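The lines below spell out each chain.
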Amino acid sequence: YFLSPAIFTDCRDDMTIVQEEIFGMVMTILPFSTEDEVVRRANDTNFGLAAGVFTQNIQRGHRMVQQLSAGVTWINNYNLAPVELPWGGNKQSGIGRENGVGGVESW
């Protein structure tokens with residue numbers, strides 16, 4: 001069986017689909033005006049498993065992911081996680097790390 005990805009547009013920060021972690025092929029799209037605004041809004045959550053920044057400006061991408069409170073971040077891709085890469089979340093998205101040397105050190 002195959003599931004089609006779901007993209008939700010015109011989302012708001014107070015929507016459940018925006019506030020909670022969804023494990024599946026789901027993307028929510030929210031408009032924003034400035035980098036500071038979008039970083040503040042992205043970090044204003046109880047969760048922090050992963051985050052991705054899609055941009056044409058690689059310097060902007062690096063600047064933004066440094067400010068995100070997430071266990072794993074990507075720039076211009078998402079969910080690339082080799083087994084050598086320690087994996088884990090922040091906040092209510094997990095404690096410790098899995099995979100790689102970081103996973104061994106968590107034990």
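Since this is a predicted model, take the numbers as computed values, not measurements.

Engineer: Now, about unusual backbone geometry: what can you tell me, with residues and values included?
Structural biologist: Among all residues except glycine, the phi angle is most often negative; among peptide bonds, the trans geometry is most common. The phi torsion at Asp10 lies on the positive side, around 55°, for a residue other than glycine. As for its placement among the helices and strands, Asp10 is situated in the loop between β1 (6-8) and α1 (16-19). Residue classification places Asp10 among the exposed positions, given a relative accessible area of 67%. One non-glycine residue, Asn76, adopts positive backbone phi at about 60°. Within the element layout of this structure, Asn76 appears in the loop between β5 (72-75) and β6 (90-91).

Engineer: Tell me about the pairing of β5, residues and numbers included.
Structural biologist: Across four bridges, the pairing between strand β4 (residues 50-53) and β5 is parallel. Opposite Ala51, over in β5, you have Thr73 as the bridge partner. Taken together, β4, helix α3 (residues 58-65) and β5 form a β-α-β motif whose crossover is right-handed.

Engineer: So what's going on with the nonpolar core? Which residues, and what values?
Structural biologist: Core analysis: the biggest nonpolar cluster contains nine residues, these being Val38, Val39, Ala51, Val53, Met64, Val65, Leu68, Ala70 and Ile75. The set of elements that each furnish at least two residues to this core consists of α2 (35-43), β4 and α3.

Engineer: Requested: an account of the side chain of Thr55, with residues and values cited.
Structural biologist: The topology assignment puts Thr55 in the loop between β4 and α3. A relative accessible area of 16% means that Thr55 is categorised as buried. Side-chain polar atoms of Thr55 contact the backbone nitrogen of Asn57, separated by 3.0 Å. Excluding its chain neighbours within four sequence positions, the residues that come into contact with Thr55 are Arg60, Gly61 and Asn76.

Engineer: Provide a residue-level description of α3, including the pertinent values.
Structural biologist: Those residues of α3 lying buried are Gly61, Met64 and Val65. An end-on view of α3 places all buried positions within 90° of arc, on one side of the element.

Engineer: Describe the layout of surface pockets, with residues and values.
Structural biologist: In this structure, the largest pocket encloses a volume near 1800 Å³. Taken together, 44 residues form the lining of the largest pocket, with Thr28, Ala50, Ala51, Gly52 and Tyr78 sitting closest to its centre. Broken down by secondary-structure element, the contributors of at least two residues to the lining of the largest pocket are β1, α1, β2 (26-28), α2, β3 (47-48), β4 and α3. Per-element accounting of the lining of the largest pocket gives the leading share, five residues, to α2. Classifying every residue of the lining of the largest pocket gives 28 nonpolar, ten polar and six charged.

Engineer: Quick one: what's the story with α2, residue by residue and with numbers?
Structural biologist: Turning to α2, its buried residues are Glu35, Val38, Val39 and Arg41. The buried side chains of α2 occupy one side of the element, clustering within an arc of 165° when seen end-on. For α2, the exposed residues set more than 90 degrees away from the buried face come down to Asp36 and Arg40. If you follow the buried residues of α2, they end up packed against α3.

How each quantity is defined
Sequence order as written defines the numbering, with residues in each chain counted from 1. The predicted nature of this model means local features are confined to residues of pLDDT at least 70 and side-chain atom pairs, given and counted, to a pLDDT of 80 or more, with totals for whole chains, interfaces and linings taken over all residues. Only hydrogens and water are set aside; all other atoms, that is, all heavy atoms of the structure, feed into the side-chain values. Labels follow the DSSP assignment, with helices taken as runs of H or I lasting at least four residues and strands as runs of E lasting at least two, numbered in each case from the N terminus. A 1.4 Å probe rolled over the protein chains alone gives each residue an accessible area, and that area as a share of the maximum for its type sets the label: buried under 20%, exposed over 50%, partly exposed in between. Whether two strands pair depends on DSSP finding at least two bridges between them. Note on handedness: a clockwise path from strand one over the helix to strand two, with the strands aimed away from the viewer, defines a right-handed crossover. Definition used in this section: a nonpolar core is a set of buried Ala, Val, Leu, Ile, Met, Phe, Trp, Tyr and Cys residues joined via side-chain atoms within 4.5 Å. Within 3.5 Å is the distance limit for a polar contact, defined as a pair of N or O atoms, with the added protein rule that one can donate a hydrogen and the other accept it, and that residues adjacent in sequence qualify only through two side-chain atoms. Any two residues whose heavy atoms approach within 4.5 Å at even a single point are treated as in contact. By definition, the arc is the one covered by directions from the helix axis to the C-beta atoms. As defined here, a cavity is a set of points on a 1 Å grid over the protein atoms alone where a 1.4 Å probe fits but cannot get out. A pocket is an open set with protein on both sides within 12 Å along at least five of seven lines, and residues line them when an atom is within 4 Å of a point. Grid points are joined across faces, edges and corners, and a volume is the space filled by probe spheres set on the points. For this scheme, ten residues count as nonpolar: Ala, Val, Leu, Ile, Met, Phe, Trp, Tyr, Cys and Pro. Four count as charged, namely Asp, Glu, Lys and Arg, and the remainder, Gly too, count as polar.

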